[in-house]
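# Tertiary structure, described
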Amino acid sequence: MNKTLAIDTVKKYYSLELSKNIKIREKVRADFYKYYLVDVVLTKKGKNEIQRGSLYEDIKYAINRTPLHFARDPDVFLRMLDAESLNLLNIRLHMSSQDQYIEHLFQIALESTNTSELATQWNNFRKDAFREALTHIFADISGEIKDELTKSCQKKVAKTVRHKFMTKLDQAPFIPNLKEPKIPRVLTLTCGQGKFGSDAVIAVFVNRKTDFVKDFKIVENPFDRMNPQAFDEVLDQIIQNCQPNAIGINGPNPQTEKFYKRIQEVIHRKQIVDNRGHTIPVIFVEDEVALRYQNSKRAVDEFPNKPPLVKYCIGLARYMHSPLLEYSNLTDEELFSLSIHPFQSLLPQEMFKQIIETAFVDIVNLVGVEVNKATNNDYYAKCLRYVSGFGRRKALDFVQSLHRLNEPLLARQQLITHNILHKTIFMNSAGFLYISWNEKRQRYEDLEHDQLDSTRIHPEDYHLATKVAADALEYDPDVIAEKEEQGTMSDFIEYLRDDQDRRTKLESLNLEKYAEQLEEKTGQRKLNNLSTIVLELLEGFEELRNDFHPLQGDEIFHALTGETEKTFFKGCIVPVRVERFWHNDIKCITN
């Protein structure tokens, strides 16, 4: 008994020494990283609970998954982790042909070539210790790989979620007529629960400034067979009174699709046009923000006496004017509740919060914020917190400082001279805060409003911008030097603005050569800055976002039913209620 205990003790310590051997660990780690596979081992609970339609259905019997699988479908490993946390399965990492690998490594590292009985006994002793040591090493490396895979897959899924959210934010206002790119007057409608004849149709009119003007309650049934013209006349009268340039529709039930076609039919048959004679487009509007707005505290504060469906329509109209502002005004809880991607729940909340904020920062800084508008419009000012160099607290301090000033700003430099921003914050944010150009109030307290203040050009590049303008206009170097000495280089910006051929002249400049010369003189790389300067001199803060995206096709089906390709597909068994049947056709409604 003491002999067996002694041998086991020695074997244990020998195994421990082998497991800590640096060379062995390096060799095993290198090979394990190259050839590891991932298996799912179901628990008893997992066998019973993972059924068809489950989030984990496709990984229930997953075996021999390689790193390439997870690089292609990173959500798979995250769902494995999620299921493991629920005790539905265990994740096992192992090498391909692991037993043969251990045998081979033992043979080249520790096995004796002697054939005596004693040598065989020592080989068996060393092999047992070596196998136990590698079991410990495999467990340690598996933990490392598991952590690395988790981070890698989370980053990949986060990148996908961020891209999806960016497409939601990266939408310009809906413009019905690109030849006249103005924010439209909008009429939005919803049929509520779709009980035509008993429930009223709600309509809301919003002006170009996104101000709520009026709401309407249409009690006439759009599908009344006895008097089909009643609804048509009421809708026509509302449109004639409001003169909208666009109509938006959505609702919380599938009957909205039928209602949408009815509206289109009325407008087409009556040939209803806007005040400029253009056909009024009818579009399906994304309503995920409107749904959250209708029952929010913000909606109650703004419209305490309005029913939820009116607030819902207001949300639709505001979304048509600016998806970015609508998302910016959501609370953190409302943002986290958005259904952006099927696997967003697999990400840690902090990571999800970070990708949401960085997406906002990118788009808000792309669009820019008009300082004076943010002063008087709390709804618009919500996007200030995403300006580079700001944040929630600094954005609040910024607005409060503007309110205390109690006068409009005419130049970016006033943000410094009036102690509104600290120098560091100003340098970080100045290119994204702009002041609209207004010739009528160009001078204010002897301060000239620089036209460059309404562009994306940073104040530290204003001098460079004036030189670009002077070069584009092909002024003599002596004239440029004289203007520079007098401090009136900004005149070249005005001359260029009045020049009808400014596009041709700016595009003919050799920016690469100019950038090389600047780098030789100053040591600074300015090619990107020069490209921005040329674009902004052509049109300051030009709209760079993608066009507004109305819902279409499958998007409408998903919005109205909540069903996706994975929940509603050919061969899927669903409970239905038979409405009617005739000949070889049956009309059913899903429950």
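Bear in mind that the values here come from a model prediction, so they are computed numbers and not experimental data.

### Here we look at the pairing of strand β13 (residues 585–590)
Of the pairings in the sheet, the one linking strand β12 (residues 576–582) to β13 comprises six bridges and is antiparallel in character. Across the sheet, Arg580 pairs through a bridge with Lys587, a residue of β13. The antiparallel hairpin formed by β12 and β13 contains two residues in its connecting segment, where His583 sits at a positive phi of about 50°.

### Observations concerning the packing of aromatic side chains
Each aromatic ring pair is specified by the distance between its two centres and by the angle formed by the two planes. Applying the stated criterion across every chain, the model contains 19 aromatic pairs. Ring geometry for Phe360 against Tyr386: centres 4.4 Å apart, planes inclined by 15°, an arrangement best described as stacked. Note that Phe360 is positioned in helix α15 (residues 349–367) and Tyr386 in the loop between α17 (378–381) and α18 (392–405), a separation of 26 residues in sequence. Here Phe360 and Tyr386 have matching classes, each one buried. An angle of 80° between the planes, with centres 6.1 Å apart, marks the rings of Phe492 and Tyr495 as edge-to-face.

### Considerations on the nonpolar core
Of all hydrophobic cores here, the largest spans 109 residues; its most connected members are Met80, Phe165, Leu384, Phe398 and Leu433. No other element matches helix α7 (residues 117–169), which puts 16 residues into this core. When sequence neighbours within four positions are dropped, the list of residues in contact with Phe165 reads Tyr327, Leu335, Leu338, Ile340, Ile356, Ala359 and Phe360. Counting residues in each nonpolar core, the second largest holds 28 residues, with Val201, Ile238, Ile263 and Leu551 among its members.

### As for the sheet that holds strand β7 (residues 282–284)
Strand order in the open sheet formed by five strands is β5-β4-β3-β6-β7, with mixed pairing between adjacent strands. Each end of this open sheet is capped by a strand with a single partner; those strands are β5 (212–218) and β7. In this sheet, adjacent strand axes meet at a mean angle of 25° when their direction is disregarded. With three bridges connecting them, strand β6 (residues 246–249) and β7 associate as parallel partners. Paired with Ile247 across the strands is Val282, a residue of β7. The strands touched by helix α8 (residues 229–242) are β3 (186–190), β4 (201–206), β5 and β6; relative to β5, the strand with the most contacts, the crossing angle is about 170°. Strands in contact with helix α9 (residues 255–270) are β3, β4, β6 and β7; relative to β7, the strand with the most contacts, it is inclined by about 165°.

### Describing the pattern of salt bridges
Going through the model one piece at a time under the given rule, you end up with 32 salt bridges. Asp232 serves as the salt-bridge partner of Arg262, at 2.7 Å between the closest nitrogen and oxygen. Placement of Arg262 in helix α9 and of Asp232 in helix α8 is noted, with a sequence separation of 30 residues between them. On the basis of relative accessibility, which here comes to 0%, the residue Asp232 falls in the buried class. Lys297 is the salt-bridge partner of Asp301, the closest N and O atoms lying 3.0 Å from each other. Here Asp301 pairs with Lys297, and both are found in helix α11 (residues 297–302), just four residues apart, close to one helical turn. In this structure, a network of salt bridges that share partners links the residues Asp232, Arg262, Glu265 and Arg269.

Reading the values: rules and limits
Residues numbered from 1 in each chain as written. Predicted model: local features only at pLDDT ≥ 70, side-chain atom pairs only at ≥ 80, totals over all residues. Heavy atoms only, no water. Pairing = 2+ DSSP bridges. Helix = DSSP H or I, 4+ residues; strand = E, 2+ residues; numbered from the N terminus. Phe/Tyr/Trp six-rings, centres within 6.5 Å; stacked < 30°, edge-to-face > 60°. Buried < 20%, exposed > 50% of the residue type's maximum accessible area, 1.4 Å probe, protein only. Core = buried A, V, L, I, M, F, W, Y, C linked by side-chain atoms within 4.5 Å. Contact = heavy atoms within 4.5 Å. Axes fitted to C-alpha atoms, helices over the stretch in contact; angles between N-to-C directions. Salt bridge = Lys/Arg side-chain N within 4 Å of Asp/Glu carboxyl O.

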